[in-house]
Amino acid sequence: MAASPLLQAPSPIANTFLHYRTSKVRVLRAARLERLVGELVSGDHEQDPSFVPAFLATYRTFVPTAHLLGFLLPPMPPPPPPGVEIKKTAVQDLSFNKNLRAVVSVLGSWLQDHPQDFRDPPAHSDLGSVRTFLGWAAPGSAEARKAEKLLEDFLEEAKREQEEEPPQVWTGPPRVAQTSDPDSAEACAEEEEGLMPQAPQLLDFSVDVVAEQLTLMDLELFSKVRPYECLGSVWSQRDRPGAAGASPTVRATVAQFNTVTGCVLGSVLGAPGLTAPQRAQRLEKWIRIAQRCRELRNFSSLRAILSALQSNPIYRLKRSWGAVSREPLSTFRKLSQIFSDENNHLSSREILFQEEATEGSQKEDNTPGSLPSKPPPGPVPYLGTFLTDLVMLDTALPDMLEGDLINFEKRRKEWEILARIQQLQRRCQSYTLSPHPPILAALHAQRQLSEEQSYRLSRVIEPPAASCPSSPRIQRRISLTKRLSAKLSREKSSFPSWSPGNPSSPTSSVSPGSPPSSPRSRDAPAGSPPASPGPQGPSTKLPLSPDLPRPGPLPLGSPRIPLPAQQSSEARVIRISIDNDHGNLYRSILLTSQDKAPSVVQRALQKHNVPQPWARDYQLFQVLPGDRELLIPDNANVFYAMSPAAPGDFMLRRKEGTRHTLSVSPT
């Protein structure tokens, strides 16, 4: 039961009052596919209003588009004999007339909100089926015209691609050809002295121009993001063999993020011959650019710049940070707090809510007779905020429930996040920025440093020291699992009471991921107190999600999972791969203190899309350091049988003597 307020205002001057009425809302939390499709076209007034948009946004996680259309489209009557015309009243008298209208309405919403679902070149057969059906069921309707227009757009786009040279899409600067030692001080000095070709530097432009162009590139990429690609079950498949083109719109935003981070690293570290005050000027300019990005409400490039400035190769430059003026250093600390959850600071997610609330209040504060104030554009969000939530939701909640029921409550929660992405995409259309080609050229020309190169150059600039007192202190962030735990606990009442395997979410107050044991961390400031450390390096300063790459010009990497000490005593997230010929693909699941080996194996196979009846043919091994393995016995409690000192990586391996080519019972 839900109460909906009705605002009654007899006149603009009269006082308003709230009148409540009670209405029933049916919420479908789990069902088989046939039941979900039936609910989709039921047209029931008591239906949960979020059901249709949630279904259309997430259905591809459990059914292909063509299969869904086979369920959705009713059979059309055979064509009439030549010379015989079916009157409109005859069609209206069909027994499925009510469902017919509901199907037409659903198809209209589908075409409007998710047109890319019907892109299937060259024939676009799914869209052709929808177009044919709408031409019969609702000729001349808005839905039919929408299908016709979409098919024309797809065909016209394909024709242009064949006739014209494909447009160049910015996905990050090209790799600079590697010399024998490209990060040596001599090579960088040659560039400084003009012995090597000079390229335009991003810092040669004004702060406003750089920030505006970064915002323009970010908002264009964010506006093109397909929300479906952000789902945890989709984004985590990007490293699977044959999935090189998966989630292209999300990959583009990640590439742009890494490009900006790489530009900061390259501009600060790429000239070892600079004096400390000269390098401090570069740090100050990047801080001013970050501040301008904040004013433009561009949280993507803001986060990229901060991630680079907080990385170990830059953070450890004691003399350079010591020459930074007090005001920009204070600005840097304040900006860094945006992405910190400690000491009651607003997180980036809460900042976004605050920005949207500010926009709404500006609309309400318009006094009668005055011109309406124009709300500020944007914001452009840091996409990793949403990817983190979606990946953790996919890890914590099962796809299927007992009885082979699709867990639609999980899809509804995912849709709530996807809906916010779509809402922000619409608001990004209010930006009015013009492109400045030299900035793009500077991004192309900026030297990109690898993680190892960045650290080696940092050591050349300032040899290792015992401490780094002049470097800024940045508050440690709460782990991703703690944020998810708080999110799930707030929504616990909305979970289905019959949902099996609803464990408590892991909680922790420690940053996700310990400092990596690469050379760059060996010179971390020894004098920093552990409770308030400086930045831990690139691999821990870009929490896009457990499956997202580290900052800097690094390739898309494998998931980063918190160590055992960083997770709660009741549950933890583990990664499980399958020992086969399809690559080292890990999928994450939530392990609780109640989970036995068979259930863990079954859930892991489900995540890897392997038939679950074969669960008895697999053994679970924990991967230990030094190429060792720990066999988890059948029916053992995995939570207590695993080694607590090792990372949470596991592997499924078929038992000897089992084959999956035939489903014949042994004799």
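Please read these numbers as outputs of a predicted model, since none were measured by experiment. (Residues numbered from 1 in each chain as written. Predicted model: local features only at pLDDT ≥ 70, side-chain atom pairs only at ≥ 80, totals over all residues. Heavy atoms only, no water.)

A word on the overall build of the chain
Applied cut-off: Think of it this way: any DSSP run of H or I at least four residues long counts as a helix, any run of E at least two long counts as a strand, and we number them from the N terminus. Think of it in three bands: residues with accessible area under 20% of the maximum for their type are buried, residues over 50% are exposed, and the middle band is partly exposed, with areas taken using a 1.4 Å probe on protein chains only. In this analysis, two residues are considered to be in contact whenever any of their non-hydrogen atoms come within 4.5 Å of each other. Per-residue and other accessible areas follow the Shrake-Rupley method at a 1.4 Å probe size, with only the shown protein chains counted as cover for residues.
Looking only at helices and strands, one finds 24 helices and 10 strands in the chain. The buried share of the chain, taken over its 667 residues, is 49%. Within the chain, residue pairs in contact and separated by at least 24 positions form 72% of the contacts whose partners lie at least 6 positions apart. Of the roughly 32,800 Å² of accessible surface on the chain, a fraction of 53% belongs to carbon and sulfur atoms.

A look at the confidence of the model for the chain
The test is simple: Summary of the metric used: pLDDT quantifies the predictor's per-residue confidence within the range 0 to 100.
Overall, the prediction assigns the chain a mean pLDDT of 74, with 65% of residues at 70 or greater. Within the model, the stretch residues 1-9 combines pLDDT values under 50 with 27 contacts to residues more than four positions away or in other chains. When the criterion is pLDDT under 50, residues 189-196 qualifies, and its contacts beyond four places in sequence or with other chains add up to 11 contacts.

Focus on the sheet that holds strand β6 (residues 571-578)
Cut-off, in case you're wondering: At least two DSSP bridges between two strands are required for those strands to pair. To get an axis, fit a line to the C-alpha atoms, keeping to the stretch in contact for a helix; angles then go from 0 to 180 degrees between the N-to-C directions.
Strand order across the open sheet formed by 5 strands is β7-β6-β10-β8-β9, with mixed pairing between neighbours. Looking along the sheet, the strands with just one partner apiece sit at the ends: β7 (587-592) and β9 (628-632). Mean inter-strand twist for the sheet, computed between neighbouring axes without regard to direction, equals 40 degrees. Across 5 bridges, the pairing between strand β8 (residues 618-624) and β9 is antiparallel. Residue pairing for β9: F621 is matched across the bridge by L631. Against the sheet, helix α18 (residues 384-396) engages β6 and β7, with an angle of about 55 degrees to β7.

Some remarks on helix α6 (residues 125-137)
Defined as follows: A helix is expected to reach a length of 1.5 Å times the quantity of its residues less one. Directions pointing from the helix axis toward each C-beta atom define the arc.
With 13 residues, α6 extends 18 Å between its outermost C-alpha atoms, agreeing within 8% with the 18 Å of an ideal straight helix rising 1.5 Å per residue. For α6, the set of buried residues is D126, L127, V130, F133, L134 and A137. Viewed along the axis of α6, the buried residues span an arc of 125 degrees, placing them on a single side of the element.

Let's talk about the nonpolar core
Defined as follows: We call a set of buried Ala, Val, Leu, Ile, Met, Phe, Trp, Tyr and Cys residues a nonpolar core when their side-chain atoms join them within 4.5 Å. For the purposes of this description, domain bounds are those given by an automatic or database domain assignment.
Core analysis: the largest hydrophobic core is formed by 115 residues, its most contacted members being F55, L107, W286, I289 and I305. No other element matches the 9 residues that helix α11 (residues 248-269) contributes to this core. Among the domains, domain 1 (30-76 + 96-160) and domain 2 (207-358 + 377-396 + 433-460) are the pair contributing at least three residues each to this core. Sequence-distant contacts of I305, that is, excluding residues within four places in its chain, are made with L214, V260, V264, W286, I289, A290 and C293.

What about the sheet that holds strand β5 (residues 405-407)?
Spatially, β3-β5-β4 is the arrangement adopted by the 3 strands of the open sheet, whose pairing is antiparallel. Single-partner strands in this sheet number two, and they are β3 (30-31) and β4 (400-401).

Section: the pattern of salt bridges
Convention followed: Think of a salt bridge as a Lys or Arg side-chain nitrogen and an Asp or Glu carboxyl oxygen that are within 4 Å of each other.
Evaluated as defined, the whole model comprises 24 salt bridges. In this structure, the salt-bridge partner of R60 is D117, at a minimum N-O distance of 3.4 Å. Separated by 57 residues along the polypeptide, R60 in the loop between α2 (51-58) and α3 (65-72) and D117 in the loop between α5 (97-113) and α6 bring together distant segments of the chain. A salt bridge links R412 to E409, with the nearest nitrogen and oxygen atoms 2.9 Å apart. Of this pair, R412 and E409 both sit in helix α19 (residues 408-427), separated by 3 residues, roughly a single helical turn. Across the pair, exposure class does not vary: R412 and E409 are buried alike. When salt bridges with common partners are traced through the structure, they connect D394, D399, K410, R411, E414 and K607 into a single cluster.

Things to note about the packing of α11 against helix α21 (residues 451-461)
Definition in use: For classification, angles of less than 35 degrees are called roughly parallel, those exceeding 145 degrees roughly antiparallel, those between 65 and 115 degrees roughly perpendicular, and all remaining angles oblique. For a crossing to be left-handed, the near helix must be turned anticlockwise from the far one by less than a right angle; the clockwise case is right-handed. All amino acids are sorted into three groups, where Ala, Val, Leu, Ile, Met, Phe, Trp, Tyr, Cys and Pro are nonpolar, Asp, Glu, Lys and Arg are charged, and the leftover types, Gly among them, are polar.
Their axes nearest at 10 Å, the elements α11 and α21 cross at an angle of 25 degrees. Of the possible angle classes, the one that applies to α11 and α21 is roughly parallel. As α11 runs across α21, the sense of the crossing is left-handed. Of α21, the residues touching α11 (which contributes L265, V268 and L269) are S454, L457, S458 and I461. Here the contact of α11 with α21 is composed, by residue class, of 5 nonpolar, 2 polar and no charged.

What to know about the side chain of E462
The following threshold applies: Under the convention used here, Asp and Glu are negative, Lys and Arg are positive, and both His and the chain ends fall outside the count. Pairing of N or O atoms within 3.5 Å defines a polar contact, subject to two protein rules: one partner must be a possible hydrogen donor and the other a possible acceptor, and residues neighboring in sequence count only if both atoms are side-chain atoms.
Considering the arrangement of structural elements, one finds E462 in the loop between α21 and α22 (480-490). Among buried Asp, Glu, Lys and Arg side chains, E462 stands out as unpaired, with R319 the closest opposite charge at 4.2 Å. Here R319 takes part through its backbone nitrogen, which lies 3.0 Å from a polar atom of the side chain of E462. In this structure the side chain of E462 is engaged in a polar contact, spanning 3.2 Å, whose partner is the backbone nitrogen of S320.

Here's the deal with the environment of L283
Residue placement: L283 occurs in helix α12 (residues 276-295). Owing to a relative accessible area of 0%, L283 belongs among the buried residues under this scheme. Along the sequence, L283 and S320 sit 37 residues apart, while their C-alpha atoms lie 8.3 Å from each other. The contact partners of L283, leaving out residues within four places of it in the chain, are V268, L309, I314, S320, W321 and V324.

Concerning the packing of aromatic side chains
Going by this rule: Only rings of Phe, Tyr and Trp enter the pairing, Trp through its six-membered ring, and a pair is recorded when the two centres are within 6.5 Å. The plane angle decides the type: under 30 degrees is stacked, over 60 is edge-to-face, the rest tilted.
Applying the stated criterion across every chain, the model contains 12 aromatic pairs. A centroid spacing of 6.0 Å and a plane angle of 35 degrees characterise the contact between F51 and F55, whose relative ring orientation is tilted. In this pair, F51 and F55 are both assigned in helix α2, 4 residues apart and thus about one turn of the helix distant. Assigned by exposure class, F51 and F55 land together as buried. The interplanar angle of 50 degrees and the centroid separation of 4.8 Å between the aromatic rings of W110 and F118 together place this pair among those described as tilted.

Brief notes about unusual backbone geometry
A cis amide bond links P121 to the next residue, P122, at an omega of 5 degrees. Within the secondary structure, P122 sits in the loop between α5 and α6. The phi dihedral of S247 is positive, around 50 degrees, even though this residue is not glycine. In this fold, S247 is placed in the loop between α10 (232-235) and α11.

Some details on the packing of α6 against helix α7 (residues 142-163)
Two packed helices can be described by the angle between their axes and the distance between those axes. Their axes nearest at 9 Å, the elements α6 and α7 cross at an angle of 150 degrees. Classed by the angle they form, the pair α6 and α7 counts as roughly antiparallel. Along this stretch, α6 crosses α7, giving a crossing that reads as left-handed. Across the interface between the two elements, L127, R131 and L134 of α6 pack against E143, A144, A147, E148, L150, L151 and F154 of α7.

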